[in-house]
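Listed below are the residues making up each chain.
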Amino acid sequence: MGTFEMDADWLCFDPSPSKPTYRLPPGAVDAHCHVFGPGDEFPYAPERKYTPCDASKDQLFALRDLLGFERNVIVQATCHGADNAAMVDALVASKGRARGVATVGPHVGDDELAELHEAGVRGVRFNFVRRLVDPKPDDYYRSIAERIAALGWHVVVYFEAQDLAERWDFFTSLPTIVVVDHMGRPDVGKPVDGPEFGLFLKLMAEHPQFWSKVSGAERLSLSGPPGYDDVVPFHRRVVETFPDRVLFGTDWPHPNLKGHMPDDGKLVDYVQRIATTEELRQKLLVDNPTRLYWGDDT
Ligand code: 0GY
């Protein structure tokens with residue numbers, strides 16, 4: 001047995017996902033995914049709120065190839081805290097085919113930031129989901145944002161819809177592009193034209209530095225698989241209203257899912273339902289993530 005035992009109710013990712021019927025366009029990017037450990041090599045953080053099953057870089061790259069993506073954006077998961085070693089190891093092994101989003105503290109050294117940049121990190125993640133991280137004051141995050149703005153990086157924020165009003169002034173004062181994970185986790189049992197999702201759409205409309213990931217259908221859905229039908233109108237609205245500021249990601253290996261584990265091949269097929277023209281899919285899957293994460297490639 002390894003050093004870490006996954007939580008008793010942890011659902012491990014699908015070990016044999018289907019090949020999508022939808023053929024991804026050349027250059028497609030899976031812009032939200034993670035690596036977990038392996039814990040024996042890259043220990044999970046003492047302050048973590050969950051212990052997952054291991055999900056290695058080699059398993060991620062095999063999935064990338066099966067699904068037909070060319071590139072990944074690997075987002076630091078909270079089970080690794082601010083130790084970015086597993087994510088950086090994956091970036092280096094990808095040979096330029098992955099970029100990263102890191103977790104750092106306000107006192108991170110200039111040398112460490114330079115090393116992260118060299119490895120392929122282009123953003124930091126601020127996580128406001130209380131079941132995942134202990135809350136920290138706004139100034140903690142503000143000082144990180146000021147440090148990383150100088151590198152041309154952006155901020156990725158993860159929060160739940162009911163917290164947006166309270167965080168609005170802070171979010172809109174950040175000095176960088178701000179990418180919102182999973183569309184700010186709307187309650188899809190509420191109307192797409194209602195006030196809760198309306199506030200998120202207003203954020204995107206009034207603040208052109210905001211981007212949204214149209215990801216997490218399997219996480220947000222109340223109706224569940226196979227179609228995640230109740231999430232489609234929300235994702236579609238964001239894709240069609242802000243086609244140049246949306247990203248798609250599988251969210252593999254799907255931390256903290258309860259009830260079911262998605263077939264990642266079917267998640268790729270799902271993209272056709274939320275981006276209904278070739279032009280929208282080209283922007284969502286290729287042009288937008290390439291501009292944001294590989295824009296400085298010469
Ligand atoms: C996600 C969502 C979750 C977890 C994390 O870093 C994490 O631990 O992001 C979640 O539990 O909702 O996007 O991976």
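Reading the values: rules and limits
Residues numbered from 1 in each chain as written. Predicted model: local features only at pLDDT ≥ 70, side-chain atom pairs only at ≥ 80, totals over all residues. Heavy atoms only, no water. Helix = DSSP H or I, 4+ residues; strand = E, 2+ residues; numbered from the N terminus. Rg over C-alpha atoms; globule rule 2.2 N^0.38 Å. Buried < 20%, exposed > 50% of the residue type's maximum accessible area, 1.4 Å probe, protein only. Areas by Shrake-Rupley, 256 points an atom, 1.4 Å probe, with all protein chains shown as cover. Lys, Arg positive; Asp, Glu negative; His and termini not counted. Charge placed at Lys NZ, Arg CZ, Asp CG, Glu CD. Disulfide = S-S within 2.5 Å. Bend = angle between axes of the 7 residues up to and from the residue. Near = heavy atom within 4 Å. Polar contact = N/O pair within 3.5 Å; in protein donor to acceptor, adjacent residues only side chain to side chain. Nonpolar A, V, L, I, M, F, W, Y, C, P; charged D, E, K, R; others polar. Core = buried A, V, L, I, M, F, W, Y, C linked by side-chain atoms within 4.5 Å. Salt bridge = Lys/Arg side-chain N within 4 Å of Asp/Glu carboxyl O. Pairing = 2+ DSSP bridges. Right-handed = clockwise from strand over helix to strand, strands pointing away. Contact = heavy atoms within 4.5 Å.

### Re the overall build of the protein chain
Inference 1: Per the secondary structure count, the protein chain includes ten helices and eight strands.
Inference 2: Relative to a compact globule of 298 residues, whose C-alpha radius of gyration would be 19 Å, the protein chain shows 18 Å and is just as compact.
Inference 3: Within the protein chain, buried positions represent 58% of all 298 residues.
Inference 4: Of the roughly 12,400 Å² of accessible surface on the protein chain, a fraction of 51% belongs to carbon and sulfur atoms.
Inference 5: Measuring between centres, the 32 positive side-chain charges of the protein chain sit 3 Å from its 46 negative side-chain charges.

### Things to note about the state of the cysteines
Inference 1: Applying the stated rule across the entire model yields one disulfide.
Inference 2: In this model, C12 is linked to C53 through a disulfide, with the two sulfur atoms separated by 2.4 Å. Sign of the S-S torsion, about 100 degrees for the bond between C12 and C53, identifies this disulfide as right-handed. Taken together, the residues span a long stretch of sequence, with C12 in the segment before β1 (29–33) and C53 in the loop between β1 and α1 (57–67) at a distance of 41 residues.
Inference 3: With no disulfide partner, C33 has as its closest neighbouring cysteine sulfur the one in C79, 13 Å distant.
Inference 4: Judged by its relative accessible area of 0%, C33 falls in the buried class.
Inference 5: Not part of a disulfide, C79 finds its nearest cysteine sulfur in C53, a span of 9.8 Å.
Inference 6: With a relative accessible area of 0%, C79 lands in the buried category.

### A look at helix α10 (residues 278–294)
Inference 1: Of all the bends in α10, the largest measures some 40 degrees and sits at L284.
Inference 2: Residues L280, R281, K283, L284, L285, V286, N288, P289, L292, Y293 and W294 constitute the buried set of α10.

### Brief notes about the site of the ligand
Inference 1: Near the ligand you find 15 residues, and of these H34, Y50, T78, Y158 and H182 are the closest.
Inference 2: H34 is positioned such that a nitrogen or oxygen atom in its side chain is 2.6 Å from an oxygen atom of the ligand.
Inference 3: Within the side chain of Y158, an N or O atom sits 2.6 Å from an oxygen atom of the ligand.
Inference 4: Contact with the protein chains covers 100% of the free accessible surface of the ligand, which is 340 Å².
Inference 5: Across the shell around the ligand, the residue classes tally to five nonpolar, five polar and five charged.

### Focus: the nonpolar core
Inference 1: Counting 86 residues, the largest nonpolar core has I74, F126, V157, F171, F200, V238 and L285 as the members making the most contacts within it.
Inference 2: Grouped together as the second largest cluster of nonpolar side chains are twelve residues, V29, A31, V101 and Y293 included.

### Quick notes on the pattern of salt bridges
Inference 1: Scanning the model with the defined rule gives 22 salt bridges in all.
Inference 2: Among the ionic pairs, R273 bridges to D229, the shortest N-O distance being 3.1 Å. With R273 in helix α9 (residues 264–274) and D229 in the loop between α7 (217–220) and α8 (232–241), this pair connects stretches of sequence that are 44 residues apart.
Inference 3: Looking at D229, the relative accessible area reads 47%, which means it is partly exposed.
Inference 4: Put simply, R64, D65 and R97 are held in one network by salt bridges that share partners.

### Quick look at the pairing of strand β3 (residues 98–102)
Inference 1: Within β3, five of the five residues are buried, leaving the element largely enclosed by the surrounding structure.
Inference 2: Burial of β3 is two-sided: the residues A98, G100 and A102 facing one way and the residues R99 and V101 facing the other way are all buried.
Inference 3: Note: strand β2 (residues 71–75) against β3, four bridges, orientation parallel. Counterpart to I74 in the pairing with β3 is G100.
Inference 4: This β-α-β element, β2 to helix α2 (residues 85–93) to β3, shows right-handed connectivity.
Inference 5: Pairing geometry for β3 and strand β4 (residues 121–127), over three bridges, is parallel. Note that in β4 the partner of A102 across the bridge is V124.
Inference 6: Assessed by its sense of winding, the connection that carries the chain from β3 through helix α3 (residues 110–119) to β4 is right-handed.

### Comments concerning the pairing of β4
Inference 1: Most of β4 sits out of view: seven of its seven residues are buried.
Inference 2: Note on the crossover from β4 through helix α4 (residues 138–149) to strand β5 (residues 154–158): the handedness is right-handed.

### A few points about the environment of L66
Inference 1: Relative to the helices and strands, L66 is located in helix α1.
Inference 2: L66 sits in the partly exposed class, given a relative accessible area of 28%.
Inference 3: When the C-alpha atoms of L66 and A114 are compared, they prove to be 33 Å apart, with 48 residues separating the residues in sequence.
Inference 4: When neighbours within four sequence positions are excluded, L66 is seen to be in contact with P17, S18, K19 and P20.

This is a description of form; function is not addressed.
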